[in-house]
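# A closer look at the structure
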Amino acid sequence: MQIPLAVDPNDYRWQLLGKILKIFEMRKTRKIIAKFTSPIKTAISCMKIVLTSMFFSTKISHVVEELRQRQDLREFLGIREDEVPETSYIYSFLSRFGLSNFIAMILRVLNSITKRRARNTKLIVDCTDISVDINWFRKPVRQKDLHGKDYRWGYSAKGMFVGFKLTLVLEYPLSQTFALFAASCKQA
């Protein structure tokens, strides 16, 4: 059973996600994303859904289903009811990106919204695994099967997984928030 995505403005997780999603409403962010993909409005909707899915460790299909059912979630994400994309469209949208293109786009967005760090600030780094379910027929996956792919076997506190790492960096005490999607499992 999936958790319901009921927006709670007093919950710190929803507040943090709201701050992250506001980045997509900035004009300079839209310009950067437009250089990598189009149509821009649909691309931003897809990215918001994927980030929400990663943020709450749930499936993209569950977020899409919740968006169709919950008005408050649509308002929170800034997606109208008739603009909610199909799950298959989101997956095809993500498949258009190569790993290097996606990371380049995210880094340009991060560089455009950040300022130089002050001297007396600290960075708080949190890293979590993003599992990629590529094993549709439940065959055993070996390391040599992943050779030449953009994802690798990795290890986290939950155990072994095939996928990527999501790194969240907070600057204390300025509370600037950044999310970086990187294939840190790839490094050997």
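Residues numbered from 1 in each chain as written. Predicted model: local features only at pLDDT ≥ 70, side-chain atom pairs only at ≥ 80, totals over all residues. Heavy atoms only, no water.

## Observations concerning the packing of helix 2 (residues 27-36) against helix 7 (residues 99-113)
Worth spelling out the cut-off: Interaxial angles span 0 to 180 degrees and are taken between N-to-C directions of axes, which are lines fitted to C-alpha atoms, for helices over the stretch in contact. Put simply, DSSP marks the helices as runs of H or I at least four residues long and the strands as runs of E at least two long, and each gets a number from the N terminus on. Note on angle classes: values under 35 degrees are labelled roughly parallel, values over 145 roughly antiparallel, values of 65 to 115 roughly perpendicular, and the remainder oblique. Throughout, a crossing is termed right-handed when the near helix is turned clockwise from the far one, and left-handed when it is turned anticlockwise from it by less than a right angle. Two residues qualify as a contact provided that any one of their heavy atoms is within 4.5 Å of a heavy atom in the partner residue.
The interhelical angle for the contact between helix 2 and helix 7, taken along N-to-C directions, is 160°, at an axis separation of 10 Å. Between helix 2 and helix 7, the interaxial angle falls into the category roughly antiparallel. Between helix 2 and helix 7 lies a crossing of right-handed hand. Contacts between helix 2 and helix 7 involve Lys-28, Thr-29, Ile-32, Ile-33 and Phe-36 on the former and, on the latter, Asn-101, Ala-104, Met-105, Arg-108, Val-109, Ser-112 and Ile-113.

## Regarding the packing of aromatic side chains
Counted only if it meets this: In summary, the pairing rule links any two rings of Phe, Tyr or Trp, Trp by its six-membered ring, whose centres are within 6.5 Å, and it sorts them by plane angle into stacked for under 30 degrees, edge-to-face for over 60 and tilted for everything else. Residue burial is assigned from relative accessible area. The probe radius is 1.4 Å, only protein chains are included, and a residue is buried under 20% of its type maximum, exposed over 50%, and partly exposed in between.
Following the criterion strictly, the structure yields five aromatic pairs and no others. Between Trp-14 and Phe-56 the ring centres are 4.7 Å apart and the planes differ by 35°, which places this aromatic pair in the tilted class. Taken as a pair, Trp-14 in helix 1 (residues 12-22) and Phe-56 in the loop between helix 3 (40-55) and helix 4 (60-69) lie far apart in primary sequence, 42 residues in all. We note that Trp-14, like Phe-56, is buried. Ring geometry for Trp-14 and Phe-76: centres 5.2 Å apart, planes at 85°, overall edge-to-face.

## A word on the environment of Arg-108
Its place among the elements puts Arg-108 in helix 7. Distance in space between the C-alpha atoms of Arg-108 and Ile-33 is 9.1 Å, their sequence separation being 75 residues. For Arg-108, the contacting residues outside a window of four places in its chain are Ile-32 and Phe-36.

## A look at unusual backbone geometry
The omega torsion across Ser-38 and Pro-39 is -5°, close enough to zero to call that bond cis. Following the sequence through the fold, Pro-39 ends up in the loop between helix 2 and helix 3. Not every positive phi belongs to a glycine, and Ser-57 is a case in point at roughly 50°. By secondary structure assignment, the location of Ser-57 is in the loop between helix 3 and helix 4.

## Considerations on the pattern of salt bridges
Selection rule: By definition here, a salt bridge exists when the distance from a side-chain nitrogen of Lys or Arg to a carboxyl oxygen of Asp or Glu is within 4 Å.
Using the criterion set out here, one finds nine salt bridges in the structure. One salt bridge connects Arg-13 with Asp-11, and the closest N-O pair in it is separated by 3.3 Å. For Asp-11, a relative accessible area of 15% gives the class buried. Residue Glu-83 pairs with Arg-80 through a salt bridge whose shortest N-O separation is 3.5 Å. With a relative accessible area of 21%, Glu-83 lands in the partly exposed category. We classify Arg-80 as partly exposed; its relative accessible area is 49%. In this structure, a network of salt bridges that share partners links the residues Lys-41, Arg-80, Asp-82 and Glu-83.

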